[in-house]
Amino acid sequence: MTRNPGTDLRTDWFADIRINTPAVERRAASLPARRSLKKDHQAAWLLNAVRCIDLTTLAGDDTPDRVARLCAKARQPIASELLEAMGVTGLTTGAVCVYPTMIAPAKRALGNSGIPVASVATGFPAGLMPLNLRLAEILYAVEHGADEIDIVITRAHVLRGEWTALYDELRAMREACGDARMKAILATGDLKSLENVARASHVAMQAGADWIKTSTGKEGVNATLPVSLVMCRAIRDYRDQTGHVVGFKPAGGLRTAKDALNWQVLMAEELGRDWLRPDLFRIGASSLLGDIERQISHHVTGRYAAGYRQAIA
């Protein structure tokens, strides 16, 4: 995937955006029924969701051993006997996402698997740190081998309509990321309106974000289909205006196999099938993988396995 180089700040692209919230909610509510995914088709879509998961641990008691177990799950996300029964090989998750101090243990555990290591940075989850310290955290993550950086924005810039300040902040973060790809977390649950979500999405893409991401997973409201719909349409508008493609990552609140299907239907309906691959679509999740594996087990064996058989780490 060619990286998004960004553009100069163009407030005229989004300043007059108005969103009909009831219409967005109706469209989002209709998405789950737009594709009937049964049996082999459903299993195939669930396996595709696995390869788009950023398997995540962002707990205060994370240790190198816990990260190593998570990485083992990323390398073998579905039991080998289930994949063998389906004729599938080489399936891994899209990435492993950890705190900066856990990058080195993750890199060691993943070895030459080719699975990227993503790191949160910039004062995650609140982002309420001086900019120089947030940039230093990005540089630390890059120095320790992070392939992707999930940054958080200053929500106050959005709430006050300070688009130049938001753009400059994001542009500095993009520069600090260097060759590492940048995911811009908008923390949509804090932004108060869908118009703010759309405008922040445009600014992040103009500043060079490679993905825009809904949430940290720590807000009161995280990823929802209406918010995701607005962000996907912003991605589509940005592509039409610039020719550059940007990825999308919902995070927080996606826990079931049904959620994985619903968000993939959203991508296919709004952006097209190209966005059903891990370079353009990621799901930030931890517990989601367990339910997907449970559904795959039922598809293969005809019965549901006990929960302990799908342990994450």
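Rules and cut-offs
- Residues numbered from 1 in each chain as written.
- Predicted model: local features only at pLDDT ≥ 70, side-chain atom pairs only at ≥ 80, totals over all residues.
- Heavy atoms only, no water.
- Helix = DSSP H or I, 4+ residues; strand = E, 2+ residues; numbered from the N terminus.
- Rg over C-alpha atoms; globule rule 2.2 N^0.38 Å.
- Buried < 20%, exposed > 50% of the residue type's maximum accessible area, 1.4 Å probe, protein only.
- Contact = heavy atoms within 4.5 Å.
- Areas by Shrake-Rupley, 256 points an atom, 1.4 Å probe, with all protein chains shown as cover.
- Salt bridge = Lys/Arg side-chain N within 4 Å of Asp/Glu carboxyl O.
- Expected span 1.5 Å × (residues − 1).
- Right-handed = clockwise from strand over helix to strand, strands pointing away.
- Pairing = 2+ DSSP bridges.
- Axes fitted to C-alpha atoms, helices over the stretch in contact; angles between N-to-C directions.
- Parallel < 35°, antiparallel > 145°, perpendicular 65-115°, else oblique.
- Left-handed = near helix turned anticlockwise from the far one by under 90°.
- Phe/Tyr/Trp six-rings, centres within 6.5 Å; stacked < 30°, edge-to-face > 60°.
- Lys NZ or Arg CZ within 6 Å of the ring centre and 35° of its normal.

Each helix and strand counted, the protein has 12 helices and eight strands in total. By the compact-globule yardstick of 20 Å for 313 residues, the protein fits well, its C-alpha radius of gyration being 19 Å. Seen along its three principal axes, the alpha-carbon backbone of the protein occupies a region of about 55 × 45 × 35 Å. For the protein, the residues scored as buried account for 55% of the 313 residues in total. Of the contacts formed within the protein by residues at least 6 apart in sequence, a portion of 77% connects residues at least 24 apart. Roughly 13000 Å² of accessible area belongs to the protein as shown, and the carbon and sulfur atoms make up 49% of that amount.

For the coordinates displayed, the defined rule picks out 26 salt bridges. In this structure, Arg-10 engages Asp-12 in a salt bridge whose closest nitrogen and oxygen atoms are separated by 2.9 Å. For Arg-10, a relative accessible area of 35% gives the class partly exposed. Where Asp-62 meets Arg-66, a salt bridge forms, and the shortest distance between an N and an O atom there is 3.2 Å. A network of salt bridges, in which partner residues are shared, links Asp-54, Glu-148, Asp-150, Lys-183, Lys-213, Lys-249 and Arg-282.

Here we take up helix 11 (residues 257–270). Three- or four-residue spacings in an α-helix give side chains the same orientation, since the helix completes a turn every 3.6 residues. Under the 1.5 Å per step criterion, the end-to-end length of helix 11 is 20 Å for 14 residues, consistent within 8% with the ideal 20 Å. The buried fraction of helix 11 is high, at 12 of 14 residues. Burial in helix 11 covers these residues: Ala-257, Asp-259, Ala-260, Leu-261, Asn-262, Trp-263, Gln-264, Val-265, Leu-266, Met-267, Ala-268 and Glu-270. Where helix 11 is buried, its residues contact helix 1 (21–30), helix 2 (39–51), helix 10 (225–242), strand 7 (247–249) and helix 12 (288–301).

Right, let's talk about the pairing of strand 4 (residues 148–152) for a bit. The buried fraction of strand 4 amounts to five of the five residues, a majority that puts the element mostly inside the structure. Both faces of strand 4 are covered, namely the face carrying Glu-148, Asp-150 and Val-152 and the face carrying Ile-149 and Ile-151. Handedness of the crossover joining strand 3 (residues 117–120) and strand 4 through helix 6 (residues 131–143): right-handed. Bridging between strand 4 and strand 5 (residues 181–185) involves five bridges; their strand directions are parallel. Among the inter-strand pairings, Val-152 is bridged to a residue of strand 5, identified as Ile-185.

Where helix 3 (residues 64–75) meets helix 5 (residues 103–110), the axes come as close as 9 Å, and the angle between the chain directions of the two elements is 40°. Taken together, the axis directions place helix 3 and helix 5 in an arrangement best described as oblique. Between helix 3 and helix 5 lies a crossing whose hand is right-handed. Listed contacts from helix 5 to Pro-64, Val-67, Ala-68, Cys-71 and Arg-75 of helix 3 are Pro-105, Ala-106, Ala-109 and Leu-110.

Below, the discussion takes up the sheet that holds strand 3. Pairing is parallel across the open sheet formed by eight strands, whose spatial order is 7-6-5-4-3-2-1-8. Single-partner strands in this sheet number two, and they are strand 7 and strand 8 (283–285). With direction set aside, neighbouring strand axes in the sheet form an average angle of 25°. Note: strand 3 against strand 4, three bridges, orientation parallel. Within the sheet, the bridge partner assigned to Ala-118 lies in strand 4 and is Glu-148. The strands touched by helix 10 within the sheet are strand 6 (211–213) and strand 7, with strand 7 carrying the most contacts at an inclination of about 170°.

Per the counting criterion, the structure on display carries two aromatic pairs. Where Phe-14 meets Trp-163, the ring centres are 5.6 Å apart and the plane angle is 80°; that geometry is what we call edge-to-face. With a gap of 149 residues between them, Phe-14 in the segment before helix 1 and Trp-163 in helix 8 (residues 163–177) connect regions that are remote in the sequence. Both residues of the pair, Phe-14 and Trp-163, belong to the buried class. Judged by centre distance (6.1 Å) and plane angle (75°), the rings of Tyr-99 and Phe-124 are edge-to-face. On the criterion of sequence distance, the pair formed by Tyr-99 in the loop between strand 2 (95–98) and helix 5 and Phe-124 in the loop between strand 3 and helix 6 is long-range, its members being 25 residues apart. The exposure class assigned to Tyr-99 is partly exposed, which follows from its relative accessible area of 23%. The ring of Trp-211 is capped by Lys-183, whose NZ or CZ atom sits 5.1 Å from the centre of that ring.

Don't take any of this as a statement about function, it's just geometry.
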